[in-house]
Amino acid sequence: MKVLVVGSGGREHALVWKIAQSKLVKKLFCAPGNGGIAEIAEIVDIKQEDIEGLVRFAKDKRIDLTVVGPEAPLVKGIVDRFSEEGLRVFGPTKELSQLEGSKVFAKEMMKRFGAPTADFKVFENLDEAKKYIKQKGVPIVVKADGLAAGKGVIVAKTQDEATDAIERIMVRKEFGDSGKRIVIEECLEGDEASILVFSDGKTIIPLDSSQDHKRIFDGDKGSNTGGMGAYSPAPIITEKIFKEIIERIFRPVIDGLAKENLFFKGVLYGGLMITKDGPKVLEFNVRFGDPETQAIIPRMKTDLIEEMEACIEKRLDEIKIDWDRRACLSVVIASKGYPEKYEKGKEIFGLEEIKKLKDIMVFHAGTVQKSGKFLTNGGRVLGVTALGKDIKEAKERAYRAVERIDFDGKYYRSDIGYRAIQNM
């Protein structure tokens, strides 16, 4: 079959890398792709949000399956549009993509279906929002309603920070139209973790747990980013907690939607806080996580295409996922200045040497290939990923590989996996 992957980041490289291993796949395309993806798939010069351009390409090339990586095309309705043209596509509809595209929609769904989450209130008026934070006190969480590339959530520890967060979103419009409405919610305490599940609208198959590191600096300090690294499995997710997450969070949401004739097909990602009162939902995403995918996919033994096809055809109950019992850890190497301003076009050295190392994968995120050289082309540049007998060994192997890669302005956190290792 011919497969098209939509997207250009590290998540998409991991998906392309895995899909390329499928015996079902004869030809693989990626739009718009990146420097690393170009080594295993044919790059298509179409932007990921150019839905009509992607439709035309899929029809022209007779693509058998399109896999959508990022959230923006899903929220814009790429699945609906492809389906109208009789094209097979993996991902949820525009309506159900609002579980990620609108924090308000997601919180209302959680409340309606009884999924445990933080207490919250929605605001469109600046003064009312400011009054509310004075009334509730701090710490408190302020969220832009719409998509903000993983950066629209601000944890305010003082009243001044909370007021500034509201003004950043609603007045200075740092996140554009995504900030027309805001959600203000209680600040949950505990350990964060991520669970992703496949769903065909009825059956749920969970993927193994993972834990992301969103802050830019060691010790989870500094600004929020799209993610600076991840590992799988997450020791904080015990068998008991895992079962509770599926039964109390995912099952009620998938079943509740189905009762309303809304069948979620694709991957539903739960960003969770494991509190003293049990797991609670911080957010839902409607696609594979980034960088969680880079830590989960290398552990998956089952054919990813078979799982995706089963979701589309509502026969997920026939599928069983086999896992490599080893741990996997991925370290993001970023450009200096990320998540704020950064420079592009820096030559990357050491990648050829890494290819010779066993069980080490380098997933490209912000790269481009020119004249046989790899150059930086984004904030998050690479995800250096390693398998090991446990998190500690995977971390040691990943960081040894990180040290072999260099470019001007190279930056990375040195403590990915620290929470898991503390608990070993």
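Up top is the structure these notes are about.
Per chain, residues are indexed from 1 in the order of the written sequence. Per-residue local features of the predicted model are confined to residues with pLDDT of at least 70, and side-chain atom pairs are confined, for both listing and counting, to 80 or more; whole-chain, interface and lining totals are unaffected and use all residues. Excluded from the side-chain calculation are hydrogens and water; included are all heavy atoms of the structure.

Draft legend 1. Focus on the pattern of salt bridges. Throughout this description, the term salt bridge denotes a Lys or Arg side-chain nitrogen within 4 Å of a carboxyl oxygen of Asp or Glu. Counted according to the given criterion, the structure contains 40 salt bridges. With its nearest N and O atoms 2.8 Å apart, the salt bridge here joins Lys27 to Glu42. Of this pair, Lys27 sits in strand β2 (residues 27-32) while Glu42 sits in strand β3 (residues 42-43), placing them 15 residues apart in sequence. Across the salt bridge formed by Lys143 and Glu185, the nearest N and O atoms sit 3.0 Å from each other. Within this pair, whereas Lys143 is found in strand β7 (residues 140-144), its partner Glu185 is found in strand β9 (residues 182-186), the two being separated by 42 residues in sequence. Helix and strand definitions follow DSSP, with helices as H or I runs of at least four residues and strands as E runs of at least two, each counted in order from the N terminus.

Draft legend 2. Up close: the side chain of Asp303. Residue position: Asp303 is located in the loop between α10 (292-296) and α11 (304-312). Under the scheme applied here, a residue whose accessible area is under 20% of the maximum for its type counts as buried, over 50% as exposed, and between as partly exposed, the area being computed with a 1.4 Å probe on protein chains only. As used throughout, the charge tally considers Lys and Arg to be positive and Asp and Glu to be negative, leaving His and the chain termini uncounted. No salt bridge is formed by the buried Asp303, whose closest oppositely charged neighbour, Lys18, lies at an N-O distance of 7.1 Å. Polar contacts, as counted here, are pairs of nitrogen or oxygen atoms within 3.5 Å of one another; within protein the pair requires one atom able to donate a hydrogen and one able to accept it, and residues that are adjacent in sequence qualify only if both atoms are side-chain atoms. A distance of 2.8 Å separates a polar atom in the side chain of Asp303 from a polar atom in the side chain of Ser22. Contact definition: two residues touch when any of their heavy atoms are within 4.5 Å. With near-sequence residues (within four places) excluded, Asp303 lies in contact with Ser22, Lys23 and Leu24.

Draft legend 3. Up close: the nonpolar core. Grouping buried Ala, Val, Leu, Ile, Met, Phe, Trp, Tyr and Cys residues that are joined through side-chain atoms within 4.5 Å yields what is termed a nonpolar core. Ranked by size, the top nonpolar core spans 73 residues in total, and within it Ile245, Phe250, Leu268, Phe284 and Ile405 carry the most contacts. The biggest single contributor to this core is helix α9 (residues 239-259), with 8 residues. Formed by 33 residues, the second largest nonpolar core is a distinct cluster that contains Val5, Leu207, Ile312 and Trp323.

Draft legend 4. Examining the pairing of strand β15 (residues 229-232) more closely. Of the two faces of β15, the one lined by Gly229 and Tyr231 and the one lined by Ala230 and Ser232 are each fully buried. Where strand β12 (residues 211-212) lies against β15, 2 bridges are found, and the strand directions are antiparallel. Opposite Asp212, over in β15, you have Ala230 as the bridge partner. Two strands qualify as a pair provided that DSSP identifies no fewer than 2 bridges between them. The pairing of β15 with strand β18 (residues 327-335) spans 4 bridges and is classified as antiparallel. By the bridge assignment for β18, Gly229 is matched with Val331.

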